[in-house]
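# Geometric and topological summary
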Amino acid sequence: MAGVDVPRRIFRRSQETLAADVSLVASEFLAGFQLVQKIDRPAVSIFGSARTPEGTQVYEEARATGRAFAEAGFAVVTGGGPGVMEAANRGCKEAGGLSVGFNIQLPFEQGLNPWCDLALTFDHFHVRKVMFVKAAEGFVIFPGGFGTQDELWEALTLRQTGKIGDFPIVLFDSDYWDEMLDWVRDEMLDDGLISPADYEGMLRCDDPALAVELVVSHYDNRVREGSA
């Protein structure tokens, strides 16, 4: 097969921008890690739709969950936007907890909510996703769209491949998640594409107190094992 003749000026341009691109990503990683270091307590990352209106059941449940985590001594980390993210940050802040927002620049929807004590806005999704894991002892995932699903499958893949350890992934609102979990069981699990442990590791709940218990108990067990 004949080689592709790349114009020299295009090649030169790509070389000239490479260092700048790497520097930008590296600076975002550094800023993210520096902010994570400011979180002075265990934390949970909470995800869900930016389109969830205030006053709805899901919004109020996310708010109650954020409040319950703060009362348990946990910081609450979200994507810093509206909807479920705002609700969780708000509940945490109202309870006197540490509320954190890892925001992202988007052409629509996203804007930093006013309930964050610590916040950082990212250009790159992959850098932001690292910080959600780096900061947290577990995930609680409320109903949401593509972005929420992206965070869920990323966490499941990291846990399956051993990149994160005993990391609870809690799916809040059984009615929303049950059909997806039925498909995972009937297709992925039954076909041997995932293990029973992969499936059983997706924890369902409908109560803020239970969501907190599932995450905090894993954290307490890990601390006890580390001190043994």
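A brief look at the structure comes next. Keep in mind that this is a model prediction, so the values were computed, not measured.

### Quick word on a negative patch on the surface
On the surface, a cluster of negative charge is made up of Asp175, Glu179, Asp206 and Asp207. Considering the arrangement of structural elements, one finds aspartate 207 in the loop between strand 7 (202–205) and helix 8 (208–227). Aspartate 207 gets classed as partly exposed once you look at its relative accessible area, which sits at 37%.

### Topic: the side chain of arginine 90
Assignment of secondary structure puts arginine 90 in helix 3 (residues 84–94). In this structure the side chain of arginine 90 is engaged in a polar contact, spanning 3.2 Å, whose partner is the side chain of tyrosine 59. Apart from the residues within four sequence positions on either side, arginine 90 is in contact with Glu54, Tyr59, Arg63 and Trp115.

### Let's talk about the pattern of salt bridges
Tallied over the full model, the rule gives 13 salt bridges. Linking lysine 129 and glutamate 154 is a salt bridge whose minimum nitrogen-to-oxygen distance equals 3.4 Å. Residue lysine 129 is found in helix 4 (residues 125–135), and its partner glutamate 154 is found in helix 5 (residues 146–160); the two are separated by 25 residues along the sequence. Residue lysine 129 is classed as buried on the basis of its relative accessible area of 14%. We classify glutamate 154 as partly exposed; its relative accessible area is 32%. Because the salt bridges share partners, they merge into one network encompassing Glu54, Glu60, Arg63, Arg67, Arg90 and Glu94.

### Considerations on the packing of helix 4 against helix 5
Relative orientation of the contacting elements helix 4 and helix 5 amounts to 60°, with a least axis distance of 11 Å. The angle between the axes of helix 4 and helix 5 places the two elements in the oblique class. Crossing angle aside, the handedness with which helix 4 passes helix 5 is right-handed. Residue-level contacts link Lys129, Phe132 and Val133 of helix 4 to Asp150, Glu151, Glu154 and Leu158 of helix 5. Its residues assigned to classes, the contact of helix 4 with helix 5 comprises three nonpolar, no polar and four charged.

Conventions we followed
- Residues numbered from 1 in each chain as written.
- Predicted model: local features only at pLDDT ≥ 70, side-chain atom pairs only at ≥ 80, totals over all residues.
- Heavy atoms only, no water.
- Patch = residues over 30% accessible without salt bridge, like charges linked within 9 Å, V, L, I, M, F, W, Y side chains within 5 Å.
- Areas by Shrake-Rupley, 256 points an atom, 1.4 Å probe, with all protein chains shown as cover.
- Salt bridge = Lys/Arg side-chain N within 4 Å of Asp/Glu carboxyl O.
- Lys, Arg positive; Asp, Glu negative; His and termini not counted.
- Charge placed at Lys NZ, Arg CZ, Asp CG, Glu CD.
- Helix = DSSP H or I, 4+ residues; strand = E, 2+ residues; numbered from the N terminus.
- Buried < 20%, exposed > 50% of the residue type's maximum accessible area, 1.4 Å probe, protein only.
- Polar contact = N/O pair within 3.5 Å; in protein donor to acceptor, adjacent residues only side chain to side chain.
- Contact = heavy atoms within 4.5 Å.
- Axes fitted to C-alpha atoms, helices over the stretch in contact; angles between N-to-C directions.
- Parallel < 35°, antiparallel > 145°, perpendicular 65-115°, else oblique.
- Left-handed = near helix turned anticlockwise from the far one by under 90°.
- Nonpolar A, V, L, I, M, F, W, Y, C, P; charged D, E, K, R; others polar.

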